[in-house]
Amino acid sequence: MLLEWMMNGHAILYTGVTLAFWSTILIVGICYTIFDLGFRFDVAWFLTETSPFMWANLGIGLAISLSVVGAAWGIYITGSSIIGGGVKAPRIKTKNLVSIIFCEAVAIYGIIMAIVISNMAESFSGTTPETIGARNYQAGYSMFGAGLTVGFSNLFCGICVGIVGSGAALADAQNASLFVKILIVEIFGSAIGLFGVIVAILQTSKVKMGD
Amino acid sequence: MPTQSPPTAGHIVGQQQLASYLEKALNVGPRNVVLFLQDKMSIEDFTMYGGAFGNKQDSVFPNLEGALRSSASSVVLPAVSWPASNAVIGQLQDQLETSPLYMDPETLSQLRLNASSPALLVFRLPYGIGADLMSAKEVLSGNDEVIGQVLSIMKTQAVPYTAIYTALRPSREAASLSLEAGVGGGRSLLQYRSPYKDRERERERQRRIKEKAGVYGPVEFKENENTCILLWAKGLSVSILRSGNWEDHDLTSSTFGEGASPKLHGSSCDKTKARLVLNYENVLGHRSFKLIFGMSQRYYKVSARRWFTLDIVELEYDGTKATFNGSRNIYAPAEYSYRCELVTSFRWPLLVPRSSKDPSNQWRVTFEDFQIQGFNVTGSDFSYASDCAGFFSPGIWMGLMTSLLMVLVLTYGLHMIMQLRTMDRFDDPKGPAISVPQTE
């Protein structure tokens, strides 16, 4: 029975990844300790030597990709419910497209933020931490943070709206008067995506990259 | 002649050791010395052309081998440091107290040798320039014939002699280190070609042809019989910008190696500060020239450990001081020494001029394979060397981070795909198979 459980693809994948991760950390930690090279573990070095461009572009990438994941997830959940429910109750088709639009809005927030953030990335001529300057580092980290903020907010917003929309479609199929009330729940769910966008705009308001 | 023990494999015989070998040989053996001086020679020539791979009949050294076998005693030194072999004529001159006579086989047959009075007969043998395999073999074969002729003439004269076969410089150098130094002398993934590089490469190449042995001890500064500061480098050079050109001066030979005794007046060390002053004369037109390393150590609260830094590298000449600041990049825990492959002030500089108006902006310093320790020296050896090149470079970290992120995304995607199930509610294995007609 243990063998059957292990044969599951999920189990193998996650056991493998977890094992690799923890063993790397363990071995690296042991090496640092044995060779008395703990002084070489320098987080400040990592943060100042890695290029601000890496952080900025990670932020941009995460902004759009996580938003799209959220939107896609929401649409697929709602969409399948509408299509399934529409077999027996074709009248729900048109009204429930509103849920799809709420999910899509999340993706639009994501792409707008990605474009806004990417416009802030300018080139600078500095190679050492002193010549790069604190402002460029702040710009890099802010863009990363903003991208992360908008990405994760939109991810969960999209999933939320999707599941609520799916419920709305099925309830509507049963009883047409339920739909309008459920729409209010969806609106609350959609607001949280907007919060993420507002905070991301605030984070990048002071960004000025360049010389 | 008492048999002398050959040197251990891989050991490079330096000037002192060569002098002692020669002294021992000449004290007991015959004082008529026949010196065959070839332009270039390496042990590889004998391996390649001496029939060492079972093909004795192809050997180009039959006379040489015969002489070695038939002699009363012989010793082979497979690796002699290049300046030492260069100076062998001078050493023999000193030990025999006679001046060398440059000869060839014809003039030798006319010479009358005496067993009691010492004589130094030198035969110059060519090697050939840019030789390809064929001509090198011919040249060595020709040299061997000359050796055979000379030794047979000596035999007919019935005078005991000592024969030495050596060369002025090696014919082959060991593979050279790549000095494409990156950040702080470590690896660099982000190399760019600078206009200085080609000239530098030419200079490096010329320098590398010089003594490659490089096995010498560090410069030690002792305070009260205890070694306080240690410094070692494979190359130490300074350059000055004069009228648009960089003129350089190599300080390695006057600081390190046999026969170099750098003057350390003005050096000092105590528990928190160490200062090593190397005094030179006649460097780049300056009569007195000093190279000063200033280090300090203290306790740093955040890391809870003592660190030392190389604060300044100063060039003092004719009353002017050119100061480079090194405390930003050159540091190590106080118990260890600092070592770096390349410490320069111009290429991925670890040393920067103190200010934009400082005279050090006209200077460049280059330290190759540089190791320094100013505190906590026990004995006269360096402590563990904290290298300037870390295990991962910033580029590697950036790559790892983004790769890790993508692996996470991949894992997530795989998880989603693997939980897709096809509908099996209406499957009926016992029922009729679904038929999809081709036509309408």
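Residue numbers here run from 1 along each chain, matching the order of that chain's written sequence. For this description, chains carry letters from A and ligands carry numbers from 1, given in the order in which they are written. The model is predicted, so local features are restricted to residues of pLDDT at least 70 and side-chain atom pairs to those at 80 or more, both for listing and for counting; the totals for chains, interfaces and linings are taken over all residues. Water and hydrogen atoms were dropped before computing side-chain values, which therefore reflect all heavy atoms in the structure.

## A few points about the pairing of strand 1 (residues 32–40) of chain B
Sheet faces and side chains relate simply in a regular strand, where the side chains alternate between the two faces. All names here are of chain B. For clarity, the cut-off: Using a 1.4 Å probe on the protein chains alone, a residue whose accessible area is under 20% of its type maximum counts as buried, one over 50% counts as exposed, and one in between counts as partly exposed. Strands are runs of DSSP state E lasting at least two residues, helices are runs of H or I lasting at least four, and both sets are numbered from the N terminus onward. Paired strands, in this sense, are two strands between which DSSP finds at least two bridges.
Counted residue by residue, strand 1 has seven buried out of nine residues, so it is predominantly covered. Pairing geometry for strand 1 and strand 3 (residues 119–125), over seven bridges, is parallel. Residue pairing in the sheet places Val-34 in a bridge with Leu-121 of strand 3. One ladder, built from seven bridges, connects strand 1 with strand 4 (residues 162–169); its direction is parallel.

## What to know about the state of the cysteines
Residues and elements named next belong to chain B. Test applied: Cysteine sulfur atoms are paired as a disulfide whenever they come within 2.5 Å of each other.
Considering all chains together, one arrives at two disulfides over all chains under this definition. The partner cysteine of Cys-228 in its disulfide is Cys-269, sulfur to sulfur 1.7 Å. Between Cys-228 and Cys-269 the sulfur-sulfur dihedral comes to about 120°; the bridge is accordingly right-handed. With a gap of 41 residues between them, Cys-228 in strand 6 (residues 226–232) and Cys-269 in strand 9 (residues 268–269) connect regions that are remote in the sequence. Residue Cys-228 is classed as buried on the basis of its relative accessible area, which comes to 14%. What makes Cys-269 buried here is its relative accessible area of 10%. Cys-340 shares a disulfide with Cys-388; S-S distance 2.0 Å.

## A short note on the UniProt feature "transmembrane region" (unreviewed entry) in chain A
All names here are of chain A. Counted only if it meets this: UniProt positions are given in the numbering used here, feature names are shortened, and annotations may be inferred rather than shown by experiment.
When the UniProt feature table is mapped onto this chain numbering, "transmembrane region" (unreviewed entry) sits at residues 12–35, 55–76, 97–121, 141–171 and 178–202. Along residues 97–121 one finds 92% helix and 0% strand; the C-alpha atoms at either end are 37 Å apart. Secondary structure over residues 178–202 splits into 100% helix and 0% strand, and the C-alpha atoms at its two ends are 38 Å apart.

## So, the sheet that holds strand 3 of chain B
Residue and element names in this part refer to chain B. Defined as follows: Axis definition: a line fitted to C-alpha atoms, limited for helices to the stretch in contact. Angles are taken between N-to-C directions and run from 0 to 180 degrees. A contact between two residues is defined here by any heavy atoms of the two lying within 4.5 Å.
Read from one edge of the open sheet, four strands run 2-3-1-4, paired in parallel fashion. The open sheet has two edge strands with one neighbour each: strand 2 (101–103) and strand 4. Between one strand and the next, the sheet's axes are offset by a mean angle of 30°, whatever the strand orientation. Set on the sheet, helix 5 (residues 88–96) makes contact with strand 1, strand 2, strand 3 and strand 4; between it and strand 1 the angle comes to about 170°.

## With respect to the pattern of salt bridges
Two side chains with opposite charge may pair up if their charged atoms get near one another. All names here are of chain B. Filter applied, for reference: We define a salt bridge as a side-chain nitrogen of Lys or Arg found within 4 Å of a carboxyl oxygen belonging to Asp or Glu.
For the structure on display, the rule yields nine salt bridges over all chains. Linking Asp-369 and Arg-339 is a salt bridge whose minimum nitrogen-to-oxygen distance equals 3.0 Å. Of this pair, Asp-369 sits in strand 17 (residues 363–373) while Arg-339 is found in strand 15 (residues 337–344), placing the two residues 30 residues apart along the sequence. Across this residue pair, the class does not change: Asp-369 and Arg-339 are buried. Beyond isolated ion pairs, a larger network of salt bridges with shared partners links Arg-339, Glu-341, Asp-369 and Asp-387.

## Quick word on the confidence of the model for chain A
Our working definition: A residue's pLDDT is simply how confident the predictor is in it, with values from 0 to 100.
With 97% of its residues at a pLDDT of 70 or more, chain A shows a mean pLDDT of 92. Confidence, expressed as mean pLDDT per element, reaches its minimum in chain A at helix 1 (residues 2–6) of chain A with 66 and its maximum at helix 7 (residues 134–174) of chain A with 96.

## Some words on the interface of chain B and chain A
For clarity, the threshold we go by: As used in this structure description, the phrase polar contact means that two N or O atoms lie within 3.5 Å; if the pair is within protein, one of them must be able to donate a hydrogen and the other to accept it, and residues adjacent in sequence are counted only when both atoms belong to side chains. Residue type decides the class: Asp, Glu, Lys and Arg count as charged, Ala, Val, Leu, Ile, Met, Phe, Trp, Tyr, Cys and Pro as nonpolar, and the leftover types, Gly among them, as polar.
Contact residues are listed per partner, giving 25 residues for chain B and 21 residues for chain A. On the surface where chain B and chain A come into contact, there are one salt bridge. For the salt bridge of Glu130(A) with Arg328(B), the shortest nitrogen-to-oxygen distance reads 2.1 Å. Summed over the shared surface of chain B and chain A, the result is five residue pairs in polar contact (both at pLDDT 80 or more). Take the side of chain B that touches chain A: its biggest share by element is twelve residues, from helix 10 (residues 394–418) of chain B. Here the residues of the side of chain B that touches chain A sort into 15 nonpolar, seven polar and three charged.

## Some details on the packing of aromatic side chains
How we decide: Here is the rule: rings of Phe, Tyr and Trp (six-membered ring for Trp) pair when centre to centre is within 6.5 Å. Planes less than 30 degrees apart are stacked, more than 60 are edge-to-face, and the remainder are tilted.
Applying the stated rule across the entire model yields 25 aromatic pairs over all chains. On the numbers, 5.7 Å between centres and 85° between planes, the contact of Phe39(A) with Trp307(B) is edge-to-face. Note that Phe39(A) is positioned in the loop between helix 2 (9–34) and helix 3 (43–49) and Trp307(B) in strand 12 (residues 305–317), a pairing that runs across two chains. Here the two residues Phe39(A) and Trp307(B) agree in accessibility, since each one is buried.

## Re the UniProt feature "transmembrane region" (unreviewed entry) in chain B
Residues annotated by UniProt as "transmembrane region" (unreviewed entry) correspond here to residues 396–415 of chain B. Taken as a whole, residues 396–415 of chain B contains 100% helix and 0% strand, while its terminal C-alpha atoms sit 28 Å from one another.

## Structural notes on the confidence of the model for chain B
All names here are of chain B. Confidence in the prediction of chain B, expressed as mean pLDDT, is 80, and 86% of residues score 70 or more. Below a pLDDT of 50 lies the segment residues 175–189, which in the model reaches 42 contacts outside its immediate sequence neighbourhood of four places, other chains included. This complex was scored by the predictor with a pTM of 0.64 and an ipTM of 0.85.

## Notes on the packing of helix 4 (residues 52–88) of chain A against helix 10 of chain B
Spelled out, the test is: Oblique is the label for any angle not under 35 degrees, not over 145, and not in the 65 to 115 range, which are roughly parallel, roughly antiparallel and roughly perpendicular in turn.
Contact pair helix 4 of chain A / helix 10 of chain B: the axes reach a minimum separation of 12 Å and the direction vectors enclose 5°. With respect to their mutual orientation, helix 4 of chain A and helix 10 of chain B come out roughly parallel. When helix 4 of chain A is examined against helix 10 of chain B, the residues Met54(A), Trp55(A), Leu58(A), Leu62(A), Val69(A) and Trp73(A) are found in contact with a partner set consisting of Met398(B), Met401(B), Thr402(B), Leu405(B), Tyr412(B) and Met416(B). Here the contact of helix 4 of chain A with helix 10 of chain B is composed, by residue class, of eleven nonpolar, one polar and no charged.

## With respect to unusual backbone geometry
In this structure, Asp36(A) is a non-glycine residue whose phi angle is positive, near 55°. In this fold, Asp36(A) is placed in the loop between helix 2 and helix 3. Phi is positive for Ala304(B), close to 55°, though the residue is something other than glycine. As for its placement among the helices and strands, Ala304(B) is situated in the loop between strand 11 (286–300) and strand 12. When its relative accessible area of 48% is taken as the criterion, Ala304(B) is described as partly exposed.

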